[in-house]
Amino acid sequence: AQSVTQLGSHVSVSEGALVLLRCNYSSSVPPYLFWYVQYPNQGLQLLLKYTSAATLVKGINGFEAEFKKSETSFHLTKPSAHMSDAAEYFCAVSDGYQKVTFGTGTKLQVIP
Amino acid sequence: DSGVTQTPKHLITATGQRVTLRCSPRSGDLSVYWYQQSLDQGLQFLIQYYNGEERAKGNILERFSAQQFPDLHSELNLSSLELGDSALYFCASSPSGQGDNGYTFGSGTRLTVV
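Reading the values: rules and limits
- Residues numbered from 1 in each chain as written.
- Chains lettered and ligands numbered in written order.
- Predicted model: local features only at pLDDT ≥ 70, side-chain atom pairs only at ≥ 80, totals over all residues.
- Heavy atoms only, no water.
- Disulfide = S-S within 2.5 Å.
- Helix = DSSP H or I, 4+ residues; strand = E, 2+ residues; numbered from the N terminus.
- Buried < 20%, exposed > 50% of the residue type's maximum accessible area, 1.4 Å probe, protein only.
- Salt bridge = Lys/Arg side-chain N within 4 Å of Asp/Glu carboxyl O.
- Core = buried A, V, L, I, M, F, W, Y, C linked by side-chain atoms within 4.5 Å.

Novice: Which residues make up the state of the cysteines, and what values do they have?
Specialist: Evaluated as defined, the whole model comprises two disulfides over all chains. Here A:Cys23 pairs with A:Cys91 through a disulfide, and the sulfurs are 1.9 Å apart. On the sign convention where negative is left-handed, the bridge of A:Cys23 and A:Cys91, at about -65° about the S-S bond, is left-handed. Here the residue A:Cys23 occupies a position in strand β3 (residues 19–26), and A:Cys91 occupies one in strand β9 (residues 87–94), the gap between them amounting to 68 residues. With respect to class, A:Cys23 is no different from A:Cys91; both count as buried. The disulfide partner of B:Cys23 is B:Cys91, and the gap between their sulfur atoms is 1.8 Å. Across the disulfide from B:Cys23 to B:Cys91, rotation about the S-S bond amounts to roughly -50°, and the bridge is consequently left-handed. With B:Cys23 in strand β3 (residues 19–24) and B:Cys91 in strand β9 (residues 87–94), the pair connects residues that are 68 residues apart, well separated along the chain. Residue B:Cys91 is classed as buried on the basis of its relative accessible area, which comes to 0%.

Novice: Pulling in residues and values, what's your account of the pattern of salt bridges?
Specialist: Following the criterion strictly, the structure yields six salt bridges over all chains and no others. A salt bridge links A:Glu64 to A:Lys58; the shortest N-O distance between them is 2.8 Å. Note on A:Glu64: relative accessible area 23%, which makes it partly exposed. Since its relative accessible area comes to 62%, A:Lys58 is described here as exposed. Of the charged contacts in the structure, one is a salt bridge between B:Glu82 and B:Arg63, with a shortest N-O distance of 3.7 Å. Pair noted here: B:Glu82 is in the loop between β8 (74–78) and β9 and B:Arg63 is in the loop between β6 (53–57) and β7 (64–68), with a separation of 19 residues, a long-range link. Residue classification places B:Glu82 among the partly exposed positions, given a relative accessible area of 44%.

Novice: If you had to explain the nonpolar core to someone new, which residues and values would you point to?
Specialist: Residues A:Trp35, A:Phe74, A:Leu76 and A:Tyr89 are the most contacted members of the largest nonpolar core, which totals 27 residues. B:Val32, B:Leu76, B:Leu78 and B:Cys91 belong to the second-largest nonpolar core, a separate cluster that totals 21 residues.

Take a look at the structure:
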């Protein structure tokens, strides 16, 4: 069985501060991992994906995530938050055979 | 534009009615997935089709049904609508029936049941 746990349903950061959104996964085989972003009244957009090529994955809008097998984590980071980063972020996992399983989401608030 | 097209964007209907939501997947994608998103339930997987056949079922109510047509577009039918069915309904597509490539999402249909 595969699952993801996103720690913190709401995260607030100041503009210019580090963004850290936490995701832990469970998978019986090497996983495919994804981060999606959803802006208000829009669909989910793929930010980045891990497919075992490199443990540090760079995505769009300056976001990156690091795959840590020993910690079963795939946390999303961005060095400096912008107001435009305010959105909901979803971590997701797949074993490559089954459909993708999404986390419950983390809403990011950026305080000016 | 993600390449996944959903119509209509907004739908307002009365309780007890039936509606049909339509999705055209990204060109070349064979799999279609339907999700329901509401404030209290979050993102809920409803059903998956791959090349015209049902592949996986999630938390889909018996009042709901879906199908994928030979041209790969999909329709989600919601009947005997209740107030609690008000939500955003998303369609996503992927090249295969597996999860290795992730999904491409449409912009959703916002259903309001009054």
